[in-house]
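Topology and contacts: notes
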Amino acid sequence: MSRLIRAVIDTQALRHNLSTIRARAGSARVMAVVKANAYGHGLVPTALALAGADAFGVARLEEGLALRAAGIKAPIMLLEGVFSADQLGEAARHNLELAVHDPFQIELLENFPRLKRLVLWIKIDTGMNRLGFAPTEFALALTRLRALAAHEIRLLTHLACADERTNPMTQMQLTRWREATRGLSYPTSIANSPGLFGDAQVGGDWVRPGLALYGASPFADRLASDLGLRPVMTLTTSVIAVRRVPPGERVGYGGAWVAERDSSIAIVASGYGDGLPRSFGNGTPVLVGGVRAPLAGTVSMDMIAVDVTGRTDVRVGTEAVLWGPGLPVEEMARHAGTIPYELLCSVSQRVPLEPR
Ligand SMILES: *Cc1c(COP(=O)(O)O)cnc(C)c1O
């Protein structure tokens, strides 16, 4: 019996994507975003493979500490900063850079006795209305932070609609950004993956790619290969049974698929327990033995069924790939009505990650 589900991580592809990003970023430095377990690819091994990055970005203190515990010395930024004095102490002890996006975080800094010099990234909200100081609040935030010890100040904002290449929101945000930062000479960061690979001249001293590192495209109308990126994760498993299903019979929960002819159905060991979305419906492609075949019926917890009628090569043990080279995760995301970010982050704990 061959192996059941696992996520094979192509570290060569990771490094290739980092160099594609570098070429695209010009003179800007690259902060590799490895939050959410490196988008499902494994936090520490991914960061080790990306040792050439200028910095790492994470969402949570624990992620930053895990990178430090693994011996990573590069700068690490907490993209949402800290939320308590304890966290601030921990972050400072481990030399983590902090986003500062709320007056509450300025108070934490003001109240911390003998705080060492830190890199503070002030976040300006240019229209996403999620995190950051509104342009009208930014001057006061900057004044308060400058009044503190000699912290190193940098500025960032986040783009809301850069994945839609022609959405005027990006230009609107860039206009607000230029107005808010006019005359200031602090280092800046604006672009996430779609900001970096889109048409707008986003600029900034640092870029913050996440998805692009993992070899997926953030754009609906472009595949990763169009951007010079290679998929990093192959989610792969095996056929565990092949069934004959006569015409008129149904397959799976709810009988959602009906055989219109004498059919061969491959049962494949992967399901929502592994992180596949239940919204994968009839017809969603699966690479069985390297050839696309349509999903038949609903996703179960541990299994899916795939119509392999007419195929003589499919048997127990044949490889089945859910996404990877030849079956882009962004295409699979469209079948589930979601985005590649969500599919990658949803791969569950029980799926082993395997470097290749
Ligand atoms: C997650 C995140 C990124 C990375 O975004 P991608 O679209 O995956 O490139 C960049 N910046 C911030 C602040 C983030 O939270």
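All figures in this text were calculated on a predicted structure; none of them were measured in a lab. (Residues numbered from 1 in each chain as written. Predicted model: local features only at pLDDT ≥ 70, side-chain atom pairs only at ≥ 80, totals over all residues. Heavy atoms only, no water.)

1. Thoughts on the overall build of the chain
Formally: Only DSSP runs of H or I covering at least 4 residues are called helices, and only runs of E covering at least 2 are called strands; the numbering of each starts at the N terminus. Residue exposure (1.4 Å probe, protein chains only): buried if accessible area is under 20% of the type maximum, exposed if over 50%, otherwise partly exposed. Residue contacts are defined here by distance: any two heavy atoms, one from each residue, within 4.5 Å place the two residues in contact. Working definition of accessibility: Shrake-Rupley area with a 1.4 Å probe, residue cover restricted to the visible protein chains. Counted as positive: Lys and Arg. Counted as negative: Asp and Glu. His and the chain ends are not counted at all. Charged groups are reduced to one reference atom each: NZ for lysine, CZ for arginine, CG for aspartic acid, CD for glutamic acid.
The helix and strand tally for the chain stands at 11 helices and 18 strands. When the backbone C-alpha atoms are referred to their principal axes, the chain occupies close to 75 × 40 × 35 Å. Classification of the 356 residues of the chain by burial places 54% in the buried group. A fraction of 64% describes how many contacts in the chain between residues 6 or more apart in sequence connect residues 24 or more apart. Summing over all exposed atoms, the chain offers an accessible surface of approximately 15600 Å²; the carbon and sulfur share of this is 52%. A gap of 4 Å separates the mean positions of the 37 positive and 33 negative side-chain charges of the chain.

2. Let's talk about the nonpolar core
Put simply, the rule reads: Among buried residues, those of type Ala, Val, Leu, Ile, Met, Phe, Trp, Tyr and Cys that are joined through side-chain atoms within 4.5 Å constitute a nonpolar core.
Formed by 111 residues in total, the largest nonpolar core has its most connected members in F56, L67, L109, L145, L235, I304 and W323. Among the elements that take part in this core, helix 1 (residues 11-25) stands out by supplying 5 residues, more than any other.

3. Considering the site of the ligand
Rules: Residues are classed as near a molecule or strand on a simple rule: at least one heavy atom within 4 Å of it. Identification of polar contacts relies on pairs of N or O atoms within 3.5 Å, with a donor-acceptor requirement for protein atoms, meaning one able to donate a hydrogen and the other able to accept it, and with residues adjacent in sequence counted only if both atoms are side-chain atoms. When residue character is reported, Ala, Val, Leu, Ile, Met, Phe, Trp, Tyr, Cys and Pro are called nonpolar, Asp, Glu, Lys and Arg charged, and the others, Gly included, polar.
Taken together, 13 residues surround the ligand, and among them K35, Y39, S193, G210 and Y341 come closest. One nitrogen or oxygen atom from the side chain of Y341 is found 2.6 Å from an oxygen atom belonging to the ligand. Calculation on the ligand without its partners gives an accessible area of 390 Å², and the protein chains cover 93% of this total. Contributions of two or more residues to the shell around the ligand are made by helix 2 (35-39) and helix 9 (193-197). Along the lines of polarity and charge, the residues of the shell around the ligand split into 7 nonpolar, 4 polar and 2 charged.

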